[in-house]
Amino acid sequence: MPHTSAPSASTPRLTVRSWFVDGLTPDAPPPFAGNIPTSSLDFLTQLPTSGFACWVRGRSGLVGIGRRLRLRARGEDRFHDLARQWDELVAAAEVDDRVALMGSGLVGFSAIAFAADSGVDSVIDVPEYILGRRDGRVWLTHVGGDEDPTQPAAQSDELIAGLQLTPTPLRDQRIVSRAPGHVSPERFEEIVALAASRLRSPEAGERKIVLARDEVITAEDDIDVRTVLGRLNAEFPSTWTFLVAGLVGATPELLIGVEDGAVHSRVLAGTYRVQDDPEKEVARARAHLGGRKDSVEHSYAIDSLASTLGPVTEELHVDPEPHLLQLANVIHLASDAHGRLSTRADGSRISPFEVAHAVHPTAAVGGTPRARAMDLISQFEEMDRGRYAGPVGWVDGYGNGQFGIALRCGQLEERNRIRLFAGAGIMPDSEPESERRETDAKFAPMRSALGVDWSPDTSH
Ligand SMILES: C=C(O[C@H]1C=CC=C(C(=O)O)[C@@H]1O)C(=O)O
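Only a predicted model underlies this, so the values are computations on that prediction, with no experimental measurement involved.

**As for the overall build of the chain**
So, point 1. Of regular secondary structure, the chain possesses ten helices and 23 strands.
So, point 2. Taken against the 2.2 N^0.38 rule, which gives 23 Å for 460 residues, the C-alpha radius of gyration of the chain at 22 Å falls within 12% of a compact globule.
So, point 3. C-alpha atoms of the chain, sized along the principal axes, occupy 70 × 55 × 40 Å.
So, point 4. The 460 residues of the chain split such that 57% are buried.
So, point 5. As displayed, the chain has an accessible area near 18200 Å², and 49% of this comes from carbon and sulfur atoms.

**Structural notes on the UniProt feature "domain: Chorismate-utilising enzyme C-terminal" (unreviewed entry) in the chain**
So, point 1. Residues given the UniProt feature "domain: Chorismate-utilising enzyme C-terminal" (unreviewed entry) here are residues 186–442.
So, point 2. Across residues 186–442 one finds 32% helix and 35% strand; the C-alpha atoms that close the span lie 17 Å apart.

**Some words on the nonpolar core**
So, point 1. Leu-14, Trp-86, Leu-106, Leu-211, Ile-256, Phe-353 and Val-355 are the most contacted members of the largest nonpolar core, which has 82 residues in total.
So, point 2. Top element by residues in this core is helix H4 (residues 185–200). It accounts for six residues.
So, point 3. Other than its neighbours up to four places away in sequence, Phe-353 contacts Phe-79, Leu-82, Ala-83, Trp-86, Ser-110, Ile-112, Ile-124, Val-395 and Phe-403.
So, point 4. Listed in part, the 41 residues of the second largest apolar core include Leu-47, Val-63, Leu-140 and Ile-418.

**Notes on the pairing of strand S17 (residues 323–326)**
So, point 1. By the bridge criterion, four bridges tie S17 to strand S18 (residues 330–341) in an arrangement that is antiparallel. Along S18, the bridge assignment pairs Gln-326 with Ile-331.
So, point 2. The turn joining S17 and S18, which pair antiparallel and follow one another in sequence, is formed by three residues.

**What about the packing of aromatic side chains?**
So, point 1. What the rule picks out here adds up to three aromatic pairs.
So, point 2. A ring pair is formed by Trp-55 and Trp-240, whose centres lie 6.4 Å apart and whose planes are at 25°; its orientation type is stacked. With Trp-55 in strand S2 (residues 52–57) and Trp-240 in strand S12 (residues 240–244), this residue pair connects regions lying 185 residues apart in the sequence.
So, point 3. Where Phe-353 meets Phe-403, the ring centres are 5.6 Å apart and the plane angle is 55°; that geometry is what we call tilted. Highlighted residues: Phe-353 in helix H8 (residues 352–359) and Phe-403 in strand S21 (residues 401–405), separated in sequence by 50 residues.
So, point 4. The positively charged end of Arg-17 is found above the aromatic ring belonging to Trp-19, 5.9 Å away from the centroid.
So, point 5. Positioned over the ring face of Phe-20 is Arg-137, at 3.8 Å from the centre of the ring.

**Quick notes on the site of the ligand**
So, point 1. Around the ligand, 18 residues are found, and the nearest of them are Thr-271, Ala-364, Tyr-388, Arg-408 and Gly-423.
So, point 2. Contacts to the ligand include Glu-297, whose side-chain N or O atom sits 3.3 Å from an oxygen atom.
So, point 3. Expressed as a share of its isolated accessible area of 380 Å², the protein-covered part of the ligand is 99%.
So, point 4. When residues of the shell around the ligand are traced back to their parent elements, those giving at least two are strand S15 (262–273), strand S23 (417–426) and helix H10 (432–450).
So, point 5. A per-class count over the shell around the ligand returns eight nonpolar, five polar and five charged.

**A look at the environment of Arg-17**
So, point 1. Within the fold, Arg-17 resides in strand S1 (residues 15–20).
So, point 2. With relative accessibility at 12%, the residue Arg-17 sits in the buried group.
So, point 3. Between the C-alpha atom of Arg-17 and that of Glu-297, which follows or precedes it by 280 residues, the distance is 46 Å.

**Comments concerning a negative patch on the surface**
So, point 1. A contiguous patch of negative charge on the surface is contributed by Glu-76, Asp-77, Asp-117 and Asp-384.
So, point 2. Counting through the fold element by element, Asp-77 comes out in the loop between strand S4 (69–73) and helix H2 (78–92).

**Some details on unusual backbone geometry**
So, point 1. A cis amide bond links His-360 with the next residue in sequence, Pro-361, at an omega value of -10°.
So, point 2. Mapped onto the elements, Pro-361 comes out in the loop between H8 and strand S19 (367–368).
So, point 3. The omega torsion across Thr-368 and Pro-369 is -10°, close enough to zero to call that bond cis.
So, point 4. Within the element layout of this structure, Pro-369 appears in the loop between S19 and helix H9 (370–380).
So, point 5. With a phi angle near 50°, Ala-100 is a residue other than glycine that sits in the positive phi range.

**Concerning the pattern of salt bridges**
So, point 1. All told, the structure shown has 36 salt bridges when counted by the stated rule.
So, point 2. In this structure, the salt-bridge partner of Glu-297 is Lys-293, at a minimum N-O distance of 3.1 Å. One end of the pair, Glu-297, and the other, Lys-293, are both in helix H7 (residues 292–309), four residues apart, so they sit about a helical turn from each other.
So, point 3. In the salt-bridge network here, residues are joined through shared partners; they are Arg-178, Glu-189, Arg-213, Glu-215, Arg-436, Asp-440 and Arg-447.

**What about the pairing of strand S20 (residues 391–396)?**
So, point 1. Among the six residues that make up S20, six are buried, leaving the element largely enclosed by the rest of the structure.
So, point 2. Along S20, one buried face is formed by Pro-391, Gly-393 and Val-395 and the opposite face, lined by Val-392, Trp-394 and Asp-396, is buried too.
So, point 3. Sheet analysis places strand S6 (residues 107–111) next to S20, joined by five bridges and oriented antiparallel. By the bridge assignment for S20, Phe-109 is matched with Trp-394.
So, point 4. Strand direction decides the pairing type here: S20 and S21, joined by five bridges, are antiparallel. Within S21, the residue paired with Pro-391 across the bridge is Ile-405.
So, point 5. Adjacent in sequence and paired antiparallel, S20 and S21 are bridged by four residues, among which Gly-399 carries a positive phi angle near 95°.

Rules used in this analysis
Residues numbered from 1 in each chain as written. Predicted model: local features only at pLDDT ≥ 70, side-chain atom pairs only at ≥ 80, totals over all residues. Heavy atoms only, no water. Helix = DSSP H or I, 4+ residues; strand = E, 2+ residues; numbered from the N terminus. Rg over C-alpha atoms; globule rule 2.2 N^0.38 Å. Buried < 20%, exposed > 50% of the residue type's maximum accessible area, 1.4 Å probe, protein only. Areas by Shrake-Rupley, 256 points an atom, 1.4 Å probe, with all protein chains shown as cover. UniProt positions renumbered as here; feature names shortened; annotations may be inferred. Core = buried A, V, L, I, M, F, W, Y, C linked by side-chain atoms within 4.5 Å. Contact = heavy atoms within 4.5 Å. Pairing = 2+ DSSP bridges. Phe/Tyr/Trp six-rings, centres within 6.5 Å; stacked < 30°, edge-to-face > 60°. Lys NZ or Arg CZ within 6 Å of the ring centre and 35° of its normal. Near = heavy atom within 4 Å. Polar contact = N/O pair within 3.5 Å; in protein donor to acceptor, adjacent residues only side chain to side chain. Nonpolar A, V, L, I, M, F, W, Y, C, P; charged D, E, K, R; others polar. Patch = residues over 30% accessible without salt bridge, like charges linked within 9 Å, V, L, I, M, F, W, Y side chains within 5 Å. Salt bridge = Lys/Arg side-chain N within 4 Å of Asp/Glu carboxyl O. Lys, Arg positive; Asp, Glu negative; His and termini not counted. Charge placed at Lys NZ, Arg CZ, Asp CG, Glu CD.

Right under this line is the structure:
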């Protein structure tokens, strides 16, 4: 039972309808004729070039089309404010859900700012249509506004026709510049050196801090995010590919998943930069990641996850040993955690926003100890991270949701301009140049998905 909030008078009364579309007749409008989506690429060409949201891993996930409404929050209470607004929206909605799977019924896509003092809104976007795919089943959800009382009676075919998807070929943008952002590569090395020396000083209370830098990619004309998402999805099948409020990327790290009362999380810390072929470099990566710096760095991330997830879960189990997570550009030390969501005294469930709030920021994006590391980040990093390194994902009206950590991503600032972000965990023995190279390896997925012609420096 999700935690319920009484809707206020101003809460829109949405009419929500979900139904399976994998058995539709061949005369249904495209792309629903004949068991769609046949492949993620086929499906992407059906999407509009903008005005959609997605959370997809492999061939499963959710795609939102159009925008019914946006909920916003800022500041220290942003998680709580979003949770309250979402609960009110859910309580006011009229839902006819014939699918009853996680991610059916009312769904919102959410991206939350990394820091409480960010000048960027944390949001929940509620689309007009949501296409879901899970375990081979495909469903569609229509979200009608309260201005349209006829919607509940509309036939599925009429609702599908309202989607008006017209295939347009995926485009490749011509990149005209790649420029340093607020934190240049040189400045990044300087702040890494400063941070590492601070961590080495006997009076330092911090043991690890994650520092990041940004860069700005400009294209000649509009960036086709469908192309970017298609490439990320194909090249990084084990990651969660996302697009929420212009934040686009493919994260290998699941902050929290809450599904039918089960909670899971995948924590990463410790990185090996792939030089050529990840398959052939596994032994080298294992040796590199077995070193003191990366294993201690990883243990901080595990400790912070276990201590913050503990209060909101029962029977929490964390992998006793990390495993290697192999991606095309980097190999990480990874650990998975599973538990059951605690229930409140009144029997209601804790919302995914609260769980995300409890664990954010993990040591993978903040540091250890958490509060001191956050102070140091704002002292050393000369930028607002915005939604980079914050939680990004979806929630439904039944208390389910998934939030990844927004890594390997960029924020669209204009239709032809995107700001990319990448960071690295800084330890007392960190070498500035090596950490800067690690950020280059973490920029690589977005650079290549955007078609930036650039050969990474692969030397260690
Ligand atoms: C901060 C980032 O990565 C984090 C996640 C995995 C491994 C990390 C590391 O080894 O430093 C980082 O903590 C980023 O990709 O921007």
